Amino acid sequence: MLREAELFAMADQMLVEVLGRIRAQDVDIVLPPMYDLPGVDDEAPLRRVVEQYVLDDATLPDVLGGAPAAEDARRDLVHEVRGDNRQAAVRRVANAAIEAAGQVADEGAVVPSGYGDLPVRDYLLRVTVSRSLLAHYVAAYLGSTACPLPEELARPLWEMTASDAEA
């Protein structure tokens, strides 16, 4: 299995655990933007942040398979995430994404993404960093004073991204 796929699995599992801490009264907490980039530079309620994560994770198997993200099931998925069993929906989508990442066999594959076509390793690293930051961000807004990322995830991410810190 690609190291990037292993790290993605750790990050996605950690984010699912953090999102499981969200209580009904937390969904309207408004989070400031996590990034200063067009399209993701608006405040958003935690509910919308979770929905966007789930939709993004739901597209990962298609993207890793080289296909554009399928749009068909997105509406049903949002309704499921807004339902009474939000955590089960989050976990189911994450498990499918983790399974897809674990099945990547072609290290040299190029995948279509919102960032343009990327080598699969770069794509997985980007989504891993995004999941890791989101887990930390949401945990902090839910009141945690500790970083939720385990050392076995945080250290390799730091090592893999340190050279790009200026960017």
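Structure shown above.
Here the structure is a predicted model, which is why all the values come from computation and not from measurement. (Residues numbered from 1 in each chain as written. Predicted model: local features only at pLDDT ≥ 70, side-chain atom pairs only at ≥ 80, totals over all residues. Heavy atoms only, no water.)

Caption draft 1: Geometry of the side chain of Glu51. Residue position: Glu51 is located in helix α2 (residues 46-64). Of the residues examined, Glu51 reaches a relative accessible area of 9% and is grouped as buried. For Glu51, the residues in contact, after removing those within four places along its chain, are Val78, Val81 and Arg82. (Helix = DSSP H or I, 4+ residues; strand = E, 2+ residues; numbered from the N terminus. Buried < 20%, exposed > 50% of the residue type's maximum accessible area, 1.4 Å probe, protein only. Contact = heavy atoms within 4.5 Å.)

Caption draft 2: The pattern of salt bridges, seen in detail. Counted by the stated rule, this structure contains 10 salt bridges. Glu17 is paired through a salt bridge with Arg21; the nearest N and O atoms lie 2.7 Å apart. For Asp57, the salt bridge goes to Arg131, with nearest N and O atoms at 2.7 Å. Remark: Arg131 occurs in helix α5 (residues 120-141) and Asp57 occurs in helix α2; sequence separation between them is 74 residues. As far as burial versus exposure is concerned, Asp57 and Arg131 are alike and both buried. Connected via shared salt-bridge partners are Asp12, Asp56, Asp57 and Arg131. (Salt bridge = Lys/Arg side-chain N within 4 Å of Asp/Glu carboxyl O.)

Caption draft 3: Structural detail: the packing of helix α1 (residues 3-19) against helix α4 (residues 86-102). Two numbers describe how α1 lies on α4: the axes approach to 9 Å, and their chain directions differ by 175°. With respect to α4, the element α1 is oriented roughly antiparallel. Listed contacts from α4 to Ala5, Phe8, Ala9, Asp12, Gln13, Val16 and Leu19 of α1 are Gln87, Val90, Arg91, Ala94, Ala97, Ile98, Ala101 and Gly102. (Axes fitted to C-alpha atoms, helices over the stretch in contact; angles between N-to-C directions. Parallel < 35°, antiparallel > 145°, perpendicular 65-115°, else oblique.)

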